[in-house]
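# Architecture and fold: a report
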Amino acid sequence: MGEPLLIAQAIAIPSGVAVLAYLVVGLVIGVESMGVPLPGETTLIAAALLASQQHHLKIEFVILAAAAGAIIGDSIGYFIGRKAGRRLFERLGKRFHHFSEDRIVRAEKYFHKYGVWTVFFGRFVALLRIFAGPMAGMLRMHYPRFLVANAAGGIAWATTIGVVAYKIGDNADKIFGRVSVFALIAVAVVAVALYVVHKVRKRRREQVPEPVPAESADV
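Right, let's walk through the structure included here. These numbers were taken from a predicted model, which means no experiment stands behind them. (Residues numbered from 1 in each chain as written. Predicted model: local features only at pLDDT ≥ 70, side-chain atom pairs only at ≥ 80, totals over all residues. Heavy atoms only, no water.)

## Focus on a nonpolar patch on the surface
Together, Val-19, Leu-20, Leu-23 and Val-24 make up an exposed nonpolar region whose accessible area comes to about 370 Å². Positionally, Val-19 belongs in helix α2 (residues 18–33). (Patch = residues over 30% accessible without salt bridge, like charges linked within 9 Å, V, L, I, M, F, W, Y side chains within 5 Å. Areas by Shrake-Rupley, 256 points an atom, 1.4 Å probe, with all protein chains shown as cover. Salt bridge = Lys/Arg side-chain N within 4 Å of Asp/Glu carboxyl O. Helix = DSSP H or I, 4+ residues; strand = E, 2+ residues; numbered from the N terminus.)

## Here we look at the side chain of Thr-43
Here Thr-43 shows up in helix α3 (residues 40–53). When its relative accessible area of 11% is taken as the criterion, Thr-43 is described as buried. If we skip the residues at most four places from it in the chain, Thr-43 touches Val-25 and Val-28. (Buried < 20%, exposed > 50% of the residue type's maximum accessible area, 1.4 Å probe, protein only. Contact = heavy atoms within 4.5 Å.)

## Some remarks on the packing of aromatic side chains
For the structure on display, the rule yields 9 aromatic pairs. Their ring planes at 50° and their centres at 5.7 Å tell us that Tyr-22 and Phe-61 sit as a pair that is tilted. Of this pair, Tyr-22 sits in helix α2 while Phe-61 sits in helix α4 (residues 59–84), and the two are 39 residues apart along the sequence. Where Phe-120 meets Phe-121, the ring centres are 5.0 Å apart and the plane angle is 85°; that geometry is what we call edge-to-face. Just as Phe-120 is buried, Phe-121 falls in that class too. Taken together through their ring pairs, the aromatic side chains of Tyr-78, Phe-79, Tyr-143 and Phe-146 make up a single cluster. (Phe/Tyr/Trp six-rings, centres within 6.5 Å; stacked < 30°, edge-to-face > 60°.)

That is the geometry; function is a separate question.
As structure tokens, this is what we get:
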């Protein structure tokens, strides 16, 4: 048995406290998104496995709790990073190896190069999932743009991981290591396709000649 399945068995619950399980999912993912290295994705997988094996949990509410935790946690992390600045990462680096100077520098490069796309796609990458909120705040990313990317990424991640874990059941622990990568590739392909379509339409609109005013035509 893999780690997600063991966690699912450990938190097997009666229907009367199903709400508590949803809160645990949202809380763990939320705290992870604030910058604390917790097993958020593993918790989501465990809850989805539990929902697939019993009737105490509903996969829809598991996904909702995970998405809400991701969005709220990232937002809190954003404001923490905005207020604390780089000192926050320097302090965390002394306590957690996840926040080593090398990893912080790499994360900063991604943010400077890809902007809000780092927030969106970062939800599918373990370390960026922890860094995204605080890092965006530290770098003073415009919050409305951050929120849109954060919400879209959180919903896409929670839905993809939750549904896949729910469908594959006991085999989740064997193949889930590749799922996030495949999900990221799929989302990237869709995003690129939408971007290309947007650019093509914009270019066509710019190439359409403006109508000649009636007065000019009479001259």
